[in-house]
Amino acid sequence: MKSRLVLLACCLALLSSCGNGNNGEAKAPEYAVIAAQTTTANLTNSYPATIKGKQDVEIRPMVSGFITKLHVDEGSIVKKGQVLFTIDQVQYRAAVETAKASVATAKAALQTQELTTQNNRELNKRGIVSDYQLSTSENQLAQAKAALAQAEAALVNAERNLQYTEVTSPSDGIVGEVPYRIGSLVSASMATPLTTVADNSEMFAYFSMTERQLLQMIREGGSYKEILAKMPKIRLQLIDGTLYADSGRVETISGVIDPTTGSVSMRALFPNAHNVLRSNSTGNVIFPNVLTDVILVPQSATTEIQDKKFVFVVQADNTVKNTEIQVYTLNDGQNYYVTGGLKAGDKIVMEGVQSLKDGQAITPITPAEKEAAYKKALEDQRSGNIQTALQ
């Protein structure tokens with residue numbers, strides 16, 4: 001047993017001496033190194049949004065009466081001008097007939113007075129009728145014309161009231177709650193509307209972004225219309241995490257910054273041809289954010305000191321230099337997008353940076369070589385290669 005321990009110690013010493021090449025000098029440790037390259041990053045900004053219909057119109061009756069027919073139900077999709085309710089028409093049809101009779105009477109009276117006045121004019125020329133009588137006849141003719149105009153106006157009003165008994169939709173949309181049913185007495189002065197028609201053909205998404213984020217998007221300046229025209233097309237993420245099929249556009253930007261939150265309100269418009277979106281639903285507005293000529297660096301290759309980020313850059317003599325970098329605020333959770341501190345071609349240590357020191361010498365290898373060496377070491381350990389196992 002003692003001879004075996006001595007032999008093992010000799011083997012370990014021999015292996016240790018073999019690991020120190022070049023007359024006993026230790027070889028610099030190997031680190032995987034990558035060359036920095038510029039790329040284009042397609043990032044996104046997300047903002048919580050509340051979705052509203054383009055307009056929600058309260059439907060109210062213009063005349064009083066009992067509802068005699070419901071033409072739609074809650075949730076029905078309606079078109080502009082479609083009849084929603086019918087109010088009892090009996091009294092309003094009677095009013096139309098009465099108004100028509102008044103018009104006919106006024107027309108007959110006017111024709112009679114026109115004949116009388118024309119006759120008085122001829123008799124006045126012959127001196128048979130005095131000027132006073134002619135003036136009286138002329139005034140009666142004017143009264144007859146006014147009576148006809150009044151009767152015609154009453155007829156128009158009666159016909160309009162009859163039309164109002166059929167309550168129609170002022171726009172395309174979806175019918176909301178219907179609190180009144182057949183037999184309910186309704187009037188123009190009632191507090192609760194007959195229903196609400198939500199115009200959902202297009203939907204508004206209301207959201208806010210910080211003043212700093214807004215400035216990043218509009219720093220090029222220009223007029224209000226030019227700024228909106230430069231805004232990219234945006235997407236809408238629904239409450240279940242899926243993306244809405246159609247893209248939208250920003251329509252308005254508030255001119256006032258909220259002093260309590262430092263944010264600005266914005267409104268985007270989305271089409272809703274298939275009625276997927278509903279008023280008062282929620283989601284997230286997603287802005288595309290394209291970064292050009294940025295360098296992609298794995299987060300594992302960085303260190304952080306007092307909110308500043310650093311990488312180790314390999315110098316010409318294979319020593320490393322701890323270099324500060326500037327990164328974009330957004331990232332994908334695995335990489336940083338470097339906007340300053342590095343240039344294309346710089347060699348960056350991508351592993352084991354926590355143990356490195358500024359000025360330390362290393363042996364740079366490629367990630368592929370590192371992976372191959374790791375796999376070989378695992379294989380040698382499985383096959384009982386003591387030298388590899390101790391490296």
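Residues numbered from 1 in each chain as written. Predicted model: local features only at pLDDT ≥ 70, side-chain atom pairs only at ≥ 80, totals over all residues. Heavy atoms only, no water.

Peer 1: I keep staring at helix 4 (residues 131-164) and nothing clicks. Help me out?
Peer 2: The periodicity of an α-helix, 3.6 residues per turn, causes residues three or four places apart in sequence to face the same way. Here helix 4 spans 49 Å end to end across 34 residues, near enough to the 50 Å set by a 1.5 Å rise per residue. Within helix 4, the full set of buried residues consists of L134, S137, L141, A144, L148, A151, L155, A158, N161 and L162. On its buried side, helix 4 packs onto helix 3 (90-125) and strand 6 (166-168). (Helix = DSSP H or I, 4+ residues; strand = E, 2+ residues; numbered from the N terminus. Expected span 1.5 Å × (residues − 1). Buried < 20%, exposed > 50% of the residue type's maximum accessible area, 1.4 Å probe, protein only. Contact = heavy atoms within 4.5 Å.)

Peer 1: Would you explain the packing of aromatic side chains in this entry?
Peer 2: The description of two aromatic rings rests on the distance between their centres and on the angle between their planes. Within the structure shown, the criterion is met by five aromatic pairs. Pairing Y244 with F270 gives two aromatic rings, centres 6.4 Å apart and planes at 75 degrees, and the pair type is edge-to-face. One end of the pair, Y244, is in the loop between strand 10 (235-238) and strand 11 (249-253); the other, F270, is in strand 12 (residues 263-271), and 26 residues separate them in sequence. Just as Y244 is buried, F270 falls in that class too. (Phe/Tyr/Trp six-rings, centres within 6.5 Å; stacked < 30°, edge-to-face > 60°.)

Peer 1: Is there a simple way to explain the sheet that holds strand 3 (residues 65-70) in this structure?
Peer 2: For sheets, the rule is that strands pair by backbone hydrogen bonds, running either parallel or antiparallel. Strand order in the open sheet made by the four strands is 6-5-3-8, with antiparallel pairing throughout. Each end of this open sheet is capped by a strand with a single partner; those strands are strand 6 and strand 8 (185-186). Relative to strand 8, strand 3 runs antiparallel, the two sharing two bridges. Of the residues in strand 8, the one forming a bridge with G65 is V186. (Pairing = 2+ DSSP bridges.)

Peer 1: For this particular structure, what's the right way to read the pattern of salt bridges?
Peer 2: Scanning the model with the defined rule gives 11 salt bridges in all. Between E202 and K54 there is a salt bridge, with its nearest N and O atoms 2.9 Å apart. Residue E202 is located in strand 9 (residues 195-210), and its partner K54 is located in strand 2 (residues 38-59); the two are separated by 148 residues in the primary sequence. A relative accessible area of 24% means that E202 is categorised as partly exposed. The partner of E251 in a salt bridge is R249, and the shortest N-O contact between them spans 3.4 Å. For E251, a relative accessible area of 23% corresponds to the partly exposed category. For R249, a relative accessible area of 47% corresponds to the partly exposed category. Three or more residues are tied together by salt bridges with common partners; here these are D73, E74 and R181. (Salt bridge = Lys/Arg side-chain N within 4 Å of Asp/Glu carboxyl O.)

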